[in-house]
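Examining the three-dimensional arrangement
Here is what each chain is made of, one letter per residue.
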Amino acid sequence: MVLAGSGLLILTELSAPCPPGGPLSFGQCALRPMAPTVVGVGALLYLIGLSAVLAWVRRVQRRRLGDPGTAREWYLLAAVLGAPIALLLAFTLVSALR
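Throughout this document, residue positions are counted from 1 along each chain, in the order its sequence is written. For this predicted model, a pLDDT threshold of at least 70 governs which residues receive local features, and a threshold of 80 or more governs which side-chain atom pairs are given and counted, while totals over whole chains, interfaces and linings are taken from all residues. Water and hydrogen atoms were dropped before computing side-chain values, which therefore reflect all heavy atoms in the structure.

Below, the discussion takes up the environment of S6. Here S6 lies in helix α1 (residues 2-15). The cut-offs for exposure are 20% and 50% of the maximum accessible area for each residue type, with area from a 1.4 Å probe on protein chains only; residues under the lower value are buried, those over the upper are exposed, and the others partly exposed. On the basis of relative accessible area, S6 is assigned to the buried category, the value being 11%. With 38 residues separating them along the chain, S6 and L44 place their C-alpha atoms 9.7 Å apart. Throughout, a contact is declared for two residues whenever any of their heavy atoms are within 4.5 Å. Beyond its immediate stretch of four places on either side in the chain, S6 contacts V39 and A43. Helix and strand assignments come from DSSP, with helices taken as H or I runs of at least 4 residues and strands as E runs of at least 2, each series counted from the N terminus.

We now examine the nonpolar core. Take the buried Ala, Val, Leu, Ile, Met, Phe, Trp, Tyr and Cys residues and link them wherever side-chain atoms come within 4.5 Å; each set so joined is a nonpolar core. With eight residues, the main nonpolar core is built from Y46, L50, V53, V57, A71, A78, A79 and A86. Broken down by secondary-structure element, the contributors of at least two residues to this core are α2 (35-62) and α3 (68-97).

Following this line, the structure appears as structure tokens:
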């Protein structure tokens, strides 16, 4: 869902004409090359982070140190807090590599 949503947002941004702008650049043509890259990198970082949390929780459960309720709470916490953190990190990385 994350990749499909970010792909749809990037496609909408790239298909919009530049003077009115797309949903990401808000009419700023200077932001146009950077916005889809930030969204794409952010989506990848988000999925990598959620996968790492899921792997960690499974390892903890295999050692019989955690229960399924706690695993669900950790995954939900990572999902909620990971979205803004992934976008901020993506913006920082794309800006630094630009």
